[in-house]
Amino acid sequence: MANTENEWELEEGIPQVGDPFIQQYLKGRDALIMEERKRRHDANLRKSLSPIAARATKIVSQIRAQEQNELWSSGLDEVAAHQADEILYPGVMFNLAKGRMENTKLWKIVEKMPKGSLLHAHMDAMFDINFLIDQAFSTPGIHMLAPKPLITAHDYENVPVLFQYSSQPLEASEDKPSIWSETYEPSSLISIQKAASSFPQGGREGFPGMVAHPTFPIVDSLLMYEPIFRACFHRLLAQLAEDGIRYVEFRIGFVFQFRKEGNDKPEEDHLEWCRVVEDVVAQFKQTDAGKDFYDPRIIWTTLRWFDNETIVNSMKQCIETKLEFPNLISGFDLVGQEDNGRPLVDLVPVLFWFRKQCAEEQVDIPFFFHAGECLGDGDATDHNLFDAILLGTRRIGHAFSLYKHPLLIDLVKEKKILVECCPISNEVLRLASSIKSHPLPALLSRGVPVSLCNDDPAILGHGRNGLTHDFWQALQGLENVDLVGLSMMAQNSIRWSCYEDQSTAEWKAGIQNGVMGKGLKAERLQAFASDFEKFCEWVVLEFAEYDTGDD
């Protein structure tokens, strides 16, 4: 009788792995897996990898496997896990992973990686609130106001406080009741210095905690005074460039009031704000940090719950601003919580009107719609995907529910529409419990073009600007997304960037031709390819101990 570990299997007549028919099954299995991989988003890129990029990809995958075993659930003993009071595993939700992810080798790699373009980011949700408050304290004339006295903890959390520049002397606040007093006159201006020094819960030091979770109106009231905006915007551009981002299309709702330095009255339109944006960009590009940064552009947005008249007025302002700043305004979108606003089908008449007005004014303002940022299946919000596609959107923001629609997936691929995927935003807003339950893998496996975006990083708790968190979460949590997959999504972000105004035919040709084209987009894809190759060389040198040398 054979003395083997599987002796009992032989006695039972269980087939062995080496048996011809089992080998035949395994070959068929491998062939099926390979056939599916041919349909993935990164299949063509994978076939054309340079030797150095292929080596870097293997190294990064080995580091990921090691860290999954050593740093997450399987690497923690019960005592450490209990002390951490958290359940850690590869792909755990962002808020639990954040503190640990930023100390990993994988983080160091992703942080260094060139990331192409950031295509879905709300500008006023990208500014660190503590930096904003520091700027407010160091800028003369900043005041605070509220519609009622702020007395209780409920008031601190729910009453909409605002900030505003005023030329009135600081002494004018001294004789007024504090904003924390029952005798405070509603909506009267109190200097931020007095408001902070008299704050009942810690004075100046405790004051920033009152606005630790700011709303868009609070942020805009702090941000949209020229000196503060200039400082914050320049810092933001530097943060993005440092993270390996070369181009951004900022979305911002043009519902804010902007004040020039020393002006009590806000501007009647947004032209001066646009001038300041272009001025700050020009200054930033003269610095070492900004010398390789491309001119960012703005997607004009208005709120989807507004009535038709308000939306049309915003559309008119959009066209007027586009005529004045043709290189700055790149497109149009409707924002705000999608399921609390009007569905796109309800807005079809005004959207057709807008397209007609653009044609008459001879301006090109394409649509970049939010759609399908929901858990529904067949409801009005989910059906926004149908309208976004029919209305000719060039990209779709979020498209979280797209994976439920096989026909729409085919249309998105056929019409060359990119999905602006924001995985951490979707986690924090509870559309997905973690990256492992996110629909991103379903889209990638079907060959849908996707770019990774950060949406609202300051408000959602990223702690920094850039794309490293979202890139890391996808790489660490999804086994089928390796360095090649990340590179493909970064390249997609460049191919679908609206660097310049283009007709629909020109736009699609630029996407189709990619790096082989002759225009600006092709040049920037070539620049990325060069940057990525240098990055891969760095990976191979920096982590040489993981390089097995296998082909």
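Look above for the structure.
Rules used in this analysis
Residues numbered from 1 in each chain as written. Predicted model: local features only at pLDDT ≥ 70, side-chain atom pairs only at ≥ 80, totals over all residues. Heavy atoms only, no water. Helix = DSSP H or I, 4+ residues; strand = E, 2+ residues; numbered from the N terminus. Rg over C-alpha atoms; globule rule 2.2 N^0.38 Å. Buried < 20%, exposed > 50% of the residue type's maximum accessible area, 1.4 Å probe, protein only. Contact = heavy atoms within 4.5 Å. Areas by Shrake-Rupley, 256 points an atom, 1.4 Å probe, with all protein chains shown as cover. Lys, Arg positive; Asp, Glu negative; His and termini not counted. Charge placed at Lys NZ, Arg CZ, Asp CG, Glu CD. Salt bridge = Lys/Arg side-chain N within 4 Å of Asp/Glu carboxyl O. Patch = residues over 30% accessible without salt bridge, like charges linked within 9 Å, V, L, I, M, F, W, Y side chains within 5 Å. Pairing = 2+ DSSP bridges. Right-handed = clockwise from strand over helix to strand, strands pointing away. Axes fitted to C-alpha atoms, helices over the stretch in contact; angles between N-to-C directions. Parallel < 35°, antiparallel > 145°, perpendicular 65-115°, else oblique. Left-handed = near helix turned anticlockwise from the far one by under 90°. Phe/Tyr/Trp six-rings, centres within 6.5 Å; stacked < 30°, edge-to-face > 60°. Lys NZ or Arg CZ within 6 Å of the ring centre and 35° of its normal.

A. Focus on the overall build of the protein chain. Across its full length, the protein chain carries 26 helices and eleven strands. Against the globule reference of 24 Å for 551 residues, the protein chain gives a C-alpha radius of gyration of 26 Å, in line with a compact fold. C-alpha extents for the protein chain along the principal axes are approximately 100 × 65 × 50 Å. Counting across all 551 residues of the protein chain, residues that qualify as buried make up 51%. Considering only intrachain contacts with a sequence separation of at least 6, the fraction spanning at least 24 residues in the protein chain is 74%. Summed over its atoms, the accessible surface of the protein chain is roughly 25,000 Å², and 51% of this surface lies on carbon and sulfur atoms. When the 54 basic and 82 acidic side-chain charges of the protein chain are each reduced to a single mean position, those positions are 6 Å apart.

B. Just the pattern of salt bridges, in detail. Applying the stated criterion across every chain yields a total of 29 salt bridges. In this structure, the salt-bridge partner of R464 is E111, at a minimum N-O distance of 2.9 Å. Taken together, the positions of R464 in the loop between α22 (457-460) and α23 (468-477) and E111 in helix α7 (residues 105-112) put the pair 353 residues apart, joining distant regions of the chain. On the basis of relative accessibility, which here comes to 29%, the residue R464 falls in the partly exposed class.

C. Region of interest: a negative patch on the surface. Negative charge collects at one region of the surface, where E268, D269, E320 and E361 lie side by side. The residue E361 is located in helix α17 (residues 348-361) in this model. A relative accessible area of 40% means that E361 is categorised as partly exposed.

D. Layout of a nonpolar patch on the surface. On the surface, V17, Y25 and L26 cluster together into a nonpolar patch covering about 310 Å² of accessible area. V17 gets classed as exposed once you look at its relative accessible area, which sits at 58%.

E. Structural context of the sheet that holds strand β4 (residues 190-191). Reading across from one edge, β3-β2-β4 is the order of the three strands in this open sheet, with antiparallel pairing throughout. On the outer flanks of this sheet lie β3 (162-165) and β4, each paired with one strand and no other. Alignment of strand β2 (residues 142-145) against β4, held across two bridges, turns out to be antiparallel. Residue pairing across strands places M144 opposite I190, the latter belonging to β4.

F. A look at the pairing of strand β10 (residues 418-421). Where burial is concerned, the two faces of β10 agree: the one with L418 and E420 and the one with V419 and C421 are both buried. One ladder, built from three bridges, connects strand β9 (residues 395-398) with β10; its direction is parallel. Bridge pairing in β10 places I396 opposite V419. Crossover connection from β9 via helix α19 (residues 406-414) to parallel β10: handedness right-handed. One ladder, built from three bridges, connects β10 with strand β11 (residues 450-452); its direction is parallel.

G. Representation of the packing of α7 against helix α26 (residues 520-542) within the structure. Axis separation between α7 and α26 bottoms out at 10 Å; the angle between their running directions is 155°. With respect to α26, the axis of α7 lies roughly antiparallel. Regarding α7 and α26, the two cross each other, and that crossing is right-handed. Contacts between α7 and α26 involve K108, I109 and K112 from the former and F535, W538, V539 and E542 from the latter.

H. Spatial organisation of the packing of helix α4 (residues 51-70) against α7. At their nearest, the axes of α4 and α7 sit 9 Å apart, and the two run at 145° to each other. Together, V60, I63, R64, Q66 and E67 of α4 and K105, L106 and I109 of α7 make up the contact between the two elements.

I. Local environment of the sheet that holds strand β6 (residues 297-303). If you trace the four strands from one edge of the open sheet to the other, you get β1-β5-β6-β7, paired in parallel fashion. Each edge of the sheet is formed by a strand with only one pairing partner; in this case those strands are β1 (116-122) and β7 (329-335). Taking each pair of neighbouring strands and ignoring which way they run, the sheet shows an average axis angle of 20°. Bridge analysis of strand β5 (residues 245-253) against β6 gives five bridges, and the strand direction is parallel. Residue pairing for β6: R251 is matched across the bridge by I299.

J. Quick peek at the packing of aromatic side chains. Scanning all chains against the criterion turns up 27 aromatic pairs. With a centroid separation of 5.7 Å and an interplanar angle of 90°, the aromatic rings of Y156 and W180 are classed as edge-to-face. Here Y156 is found in helix α9 (residues 153-158), whereas its partner W180 is found in the loop between α10 (171-174) and β4, with 24 residues between them in sequence. Both rings, one in W180 and one in F207, keep their centres 6.5 Å apart while their planes meet at 75°; by these two values the pair is edge-to-face. With a gap of 27 residues between them, W180 in the loop between α10 and β4 and F207 in helix α12 (residues 203-210) connect regions that are remote in the sequence. There is no split in this pair, since W180 and F207 are both buried. An aromatic cluster is present here, built from F229, F233, F250, F254, F256, F258, W273 and W300 joined pairwise through their rings. The ring of F131 carries R235 above its face, with NZ or CZ at 4.0 Å from the centroid. Positioned above the aromatic ring of Y499 is the side chain of R524, whose terminal nitrogen or guanidinium carbon lies 4.5 Å from the ring centre.

K. The side chain of H41, seen in detail. Relative to the helices and strands, H41 is located in the loop between α2 (20-37) and α3 (43-47). Given the relative accessible area of 12%, H41 is considered buried. Those residues in contact with H41 that sit more than four places away from it in its chain are L444, G447, V448, G485, M488 and M489.

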